Amino acid sequence: MTNSTQSAEQTDGFHLVVDALKHNDIDTIFGLVGIPITDLARLAQAEGMRFIGFRHEQHAGNAAAIAGYMTQKPGICLTVSAPGFLNGLTALANATTNCFPMILISGSSEREIVDLQQGDYEEMDQLNAAKPYAKASYRINKAEDIGIGVARAIRAAVSGRPGGVYLDLPAQLLAQVIDAEHGRRSLVKVVDPAPRQIPAPDAVQRALSLLKGAKKPLILLGKGAAYAQADADIRAFVEESGIPYLPMSMAKGLLPDTHAQSASAARSYVLAEADVVVLVGARLNWLLAHGKGKTWGAPKQFIQIDISPTEIDSNVAIAAPVIGDIGSCVTALLDGIRSGGHGKPDPAWTGSIAERKDKNLTKMAAMLAQNPSPMNFHSALRSIRDVLKTRPDINVVNEGANTLDFARSIIDMYEPRKRFDSGTWGIMGIGMGFAIGAAVTSGKPVVAIEGDSAFGFSGMELETICRYELPVTTIIFNNNGVYRGTDVNPTGGKDVAPTVFVKNARYDKMIEAFGGIGYHVTTPEEMTRALTEAIAAGKPALINAVIDETAGTESGRLTNLNPSTAGKK
Ligand code: ADP
Ligand code: TZD
């Protein structure tokens, strides 16, 4: 067919959006239907894509975000206009904050009515509302631009520092009809969506000489390192350099937590004592006490590997920035170490770390061995840890305050990108969305370890889990409230205290409403049995775990950020 020949066949915006996504090997959409995108969801399914429908857009967005983190392909969340878009926006903002690649695609109302504020159904200027919370925001107005618009959104989400992208699809666009051949030719397959970025040789040399002079070096692995999928090179860098390392929460499992060089059990000691710290895809934000103060103790110099040049010097001076993708940067450092006569760290340093680790692990083992009644966080987590040890392939989702802090340190991870949690914001509500996203993306079981408050934010998605028969086991650490369940209303009035929930709630009954399996456990032995059985069944399950309602601490380990408890012990 020549260019001048018009085929009789026609296509429309709906088809072109689906074609453009499929053309870029995107096979799943997480979303919630309604005007104007119901037919888009139907068509995606008819064309062989997987459409996972949620009960609230925030959780669809979280599922998309975690799928993006796991695969380096942008996860797609599809919503209706105004309220649906806003519900998804929290997830988009969380994705941007955490450097997860996702695309929020929302239908929008008629432009001419929205722009004159004439009161359309679900009217909102979504494009501008999304801008502060997204890495990039685009609107497609013409059907023949759908190919390039989707390509642009994909590249923006995954190149450089990954993040959330908003794509606005006006209802009129979806209905636009164009010549099918013209449409086919307008599709764009993104070539090399996240190009490697090779670090400058002088930056690598600067880092290597700093490292060579270090007496007490430390490597800090962040979730950027996990995202980069440079697992073998990172492991070789750690092992061949012999430098002790600390994984940030979602970098756990990049090397198995049982690795001899892991300094997790001596965290405070190594952060305070190290003299040269290599940050690999980890930001010096609040999670790392901004790189200064008491936590960091002795003066130190930082080597920072990151893809984003403006991350450097964000909180403290960085002596040796290494800008590039983690795979390329770590390989360059590894080459330097192999050829440059770098010795292993001083045994006095590694020895003193080992000593502290032993001491702390012994203390922790004693805590974990106790069997108080009712169960506390430790005895419940001991059971979970021992079951999960036998299944390193299982994905772990984790949120709450105490439930998050204790699980993070007690549950060992053995494989990369298997732990998903509240992340950079410390957000509650990622639980069921991440669990669904992880189950759909990996085809492997998921265990979600949830505070009872944290679970409440996304609890209705249990129906979604049951509807798609996903192998997700949700464990509720039920201590009757936010942080704990024992606060009282000082007035003696009828209302309970702000942190208190219904006592002895039976969350296990919630999943039974949708055909899932509910367990109610009060001892570590019951927990072991229930979790083992639930994982083996591979079916939706929920374990309501009764935890001592006095066991939690206000704000978990974040007491220093809580104005009323800051400075108190
Ligand atoms: P954590 O919370 O685990 O400490 P952060 O989310 O704070 O980790 O930091 C992740 C960092 O990793 C971000 O600064 C981001 O720019 C960086 N990053 C993400 N992907 C890559 C990559 N492929 N190469 C290099 N840096 C990356
Ligand atoms: N809302 C949102 C979206 N994110 C938050 N982080 C909070 C509120 C505040 N918050 C925390 O930081 S932790 C938490 C809330 C409400 C829940 C803690 O209670 P829990 O866990 O039952 O989930 P524990 O184990 O009982 O502490």
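Basis of the calculations
Residues numbered from 1 in each chain as written. Chains lettered and ligands numbered in written order. Predicted model: local features only at pLDDT ≥ 70, side-chain atom pairs only at ≥ 80, totals over all residues. Heavy atoms only, no water. Axes fitted to C-alpha atoms, helices over the stretch in contact; angles between N-to-C directions. Helix = DSSP H or I, 4+ residues; strand = E, 2+ residues; numbered from the N terminus. Parallel < 35°, antiparallel > 145°, perpendicular 65-115°, else oblique. Left-handed = near helix turned anticlockwise from the far one by under 90°. Contact = heavy atoms within 4.5 Å. Salt bridge = Lys/Arg side-chain N within 4 Å of Asp/Glu carboxyl O. Buried < 20%, exposed > 50% of the residue type's maximum accessible area, 1.4 Å probe, protein only. Pairing = 2+ DSSP bridges. Domains from an automatic or database assignment. Buried area = accessible area lost by both parts, 1.4 Å probe. Near = heavy atom within 4 Å. Polar contact = N/O pair within 3.5 Å; in protein donor to acceptor, adjacent residues only side chain to side chain. 1 Å grid on protein atoms, 1.4 Å probe; cavity = no way out; pocket = protein on both sides within 12 Å on 5 of 7 lines; lining within 4 Å. Points joined across faces, edges and corners; volume = space filled by probe spheres on them. Nonpolar A, V, L, I, M, F, W, Y, C, P; charged D, E, K, R; others polar.

A. Spotlight on the packing of helix α1 (residues 13-23) against helix α7 (residues 146-158). Running from N to C, α1 and α7 point in directions that differ by 40°, and their axes come no closer than 9 Å. The orientation of α1 relative to α7 falls into the category oblique. Of the two elements, α1 crosses α7, and the hand of that crossing is right-handed. Taking contact as the criterion, the partners of Gly 13, Leu 16, Val 17, Ala 20 and Leu 21 in α1 are, on α7, Ile 146, Gly 147 and Val 150.

B. Broad picture of the pattern of salt bridges. By the definition in use, this model includes 26 salt bridges. Salt-bridge contacts for Arg 385 lead to Asp 386; the nearest nitrogen and oxygen are separated by 3.0 Å. Classification of Asp 386 as partly exposed rests on a relative accessible area of 34%. In the salt-bridge network here, residues are joined through shared partners; they are Glu 9, Glu 181, Arg 184 and Arg 185.

C. Inspection of the pairing of strand β6 (residues 136-139) at higher detail. Bridge count between β6 and strand β7 (residues 164-170): four bridges; the pairing is parallel. When the bridges of β7 are listed, Ser 137 appears paired with Tyr 166.

D. Representation of the domain arrangement of the protein within the structure. Partitioning the protein into domains gives domain 1 (10-186), domain 2 (201-354) and domain 3 (370-561). Each of domain 1 and domain 3 was reduced to a C-alpha centroid, and the two centroids are 32 Å apart. Buried surface at the junction of domain 1 and domain 3, both sides included, amounts to about 2100 Å², of which 66% is carbon and sulfur. The largest per-residue losses of area from domain 1 upon contact with domain 3 belong to Arg 55, His 59 and Met 70, which jointly make up 30% of the total buried on that side. On inspection of domain 1 and its partner domain 3, the count reaches one salt bridge.

E. Structural view of the site of ligand 2. Taken together, 16 residues are adjacent to ligand 2, and Asn 402, Thr 403, Gly 426, Asp 452 and Ala 454 come closest. Interatomic distance of 3.2 Å between a backbone N/O atom of Met 428 and a nitrogen atom of ligand 2. At 2.9 Å from an oxygen atom of ligand 2 is found a main-chain nitrogen or oxygen belonging to Ala 454. Broken down by secondary-structure element, the contributors of at least two residues to the shell around ligand 2 are α17 (402-410) and α19 (452-456). For the shell around ligand 2, the leading source of residues is α19, giving three residues.

F. Inspection of the layout of surface pockets at higher detail. Approximately 200 Å³ is the volume found for the second largest pocket. Lining the second largest pocket are Ile 26, Asp 27, Thr 28, Phe 30, Ala 67, Thr 71, Lys 73, Pro 74, Gly 75, Ile 76, Val 440 and Thr 441. Considered class by class, the residues forming the lining of the second largest pocket number six nonpolar, four polar and two charged.

G. Inspection of the sheet that holds strand β2 (residues 28-31) at higher detail. Taken in spatial order, the six strands line up as β3-β2-β4-β5-β7-β6 in an open sheet, and their pairing is parallel. The open sheet is flanked by β3 (50-53) and β6, the only strands paired with a single partner. When strand polarity is set aside, the average angle formed by the axes of neighbouring strands in this sheet is 20°. Seen against the sheet, helix α3 (residues 57-71) touches β2, β4 (75-79) and β5 (102-108) and runs at an angle of roughly 165° to β4. Against the sheet, helix α4 (residues 82-98) engages β4, β5 and β7, with an angle of about 160° to β5.

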